[in-house]
Amino acid sequence: MLTGVATAADLLTAEPRHRPTYVGEDLGALLLPYPEVRDGACGGWRAEWRDGVLRLEGEGSRIDGLRAASDAAWAAAGEGRIEEDAVKPVLDRVG
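Residue positions within a chain follow its written sequence, with the count starting from 1. Local features are withheld for residues below a pLDDT of 70 in this predicted model, meaning they are given only at 70 or higher, and side-chain atom pairs are given and counted only at 80 or more; totals for whole chains, interfaces and linings count all residues. Values shown for side chains rest on all heavy atoms present in the structure; no hydrogens or waters enter the calculation.

## Here's the deal with the environment of L2
(1) Moving on: Secondary structure elements are taken from DSSP: a helix is a run of H or I of four residues or more, a strand is a run of E of two residues or more, and numbering for both begins at the N terminus. Its place among the elements puts L2 in the segment before α1 (8–12).
(2) Moving on: Remark: exposure states derive from per-residue accessible area (1.4 Å probe, protein chains only) relative to the maximum for the residue type, with buried under 20%, exposed over 50%, and partly exposed in between. The class of L2 is buried, set by a relative accessible area of 15%.
(3) Moving on: Measuring from C-alpha to C-alpha, the distance between L2 and K88 comes to 18 Å, with 86 residues separating the pair along the chain.

Encoded structure:
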């Protein structure tokens, strides 16, 4: 939940042990069906790791953009962690 404890930057740069299974804007997300997130895509968004920077294209809800970006960032980081500068372009769009 992005209700004030965790930020979008925290989500995108999380170490594997801190990566959530589900990402929701607030507790109301518990009552909604969870969208499919696959290969850096969710809703109308597509994210990819390119030239050492996370890129996000498309449109739609902010939370779907963060879901897509998280999927791509975590795939690129593997068992490591990505630095905040590498996700800055995404944060500027949906953070």
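On we go from here.
## So, the nonpolar core
(1) Moving on: Here, nonpolar core refers to any group of buried Ala, Val, Leu, Ile, Met, Phe, Trp, Tyr and Cys residues whose side-chain atoms link them within 4.5 Å. Membership of the largest hydrophobic core comes to 26 residues, with the highest contact counts inside it found for L12, A47, L54, L56, L66 and V90.
(2) Moving on: Put simply, the parts of the chain that give this core at least two residues each are α1, β2 (45–50), β3 (53–58), α2 (62–77) and α3 (84–94).
(3) Moving on: By residue number, the principal contributor to this core is α2, which donates 8 residues.
(4) Moving on: In this description, contact between two residues means that some pair of their heavy atoms is separated by no more than 4.5 Å. Excluding anything up to four places from it in sequence, L54 contacts L12, A47, E48, W49, A69, A72, A73, A86, V87, P89 and V90.

## Details of the sheet that holds strand β1 (residues 41–42)
(1) Moving on: Two strands qualify as a pair provided that DSSP identifies no fewer than 2 bridges between them. Pairing is antiparallel across the open sheet formed by 3 strands, whose spatial order is β1-β2-β3. A single partner strand is all that each edge strand has here, and the edge strands are β1 and β3.
(2) Moving on: Sheet topology places β2 next to β3; 6 bridges connect them, and they run antiparallel. What sits directly across from E48, in β3, is R55.
(3) Moving on: The axes used here are C-alpha line fits, helices contributing only the stretch in contact, and every angle between their N-to-C directions lies in the interval 0 to 180 degrees. Across the sheet, α2 is in contact with β1, β2 and β3; its angle to β2 comes to roughly 25°.
(4) Moving on: Where α3 meets the sheet, its contacts fall on β2 and β3, and the angle it forms with β3 comes to roughly 30°.

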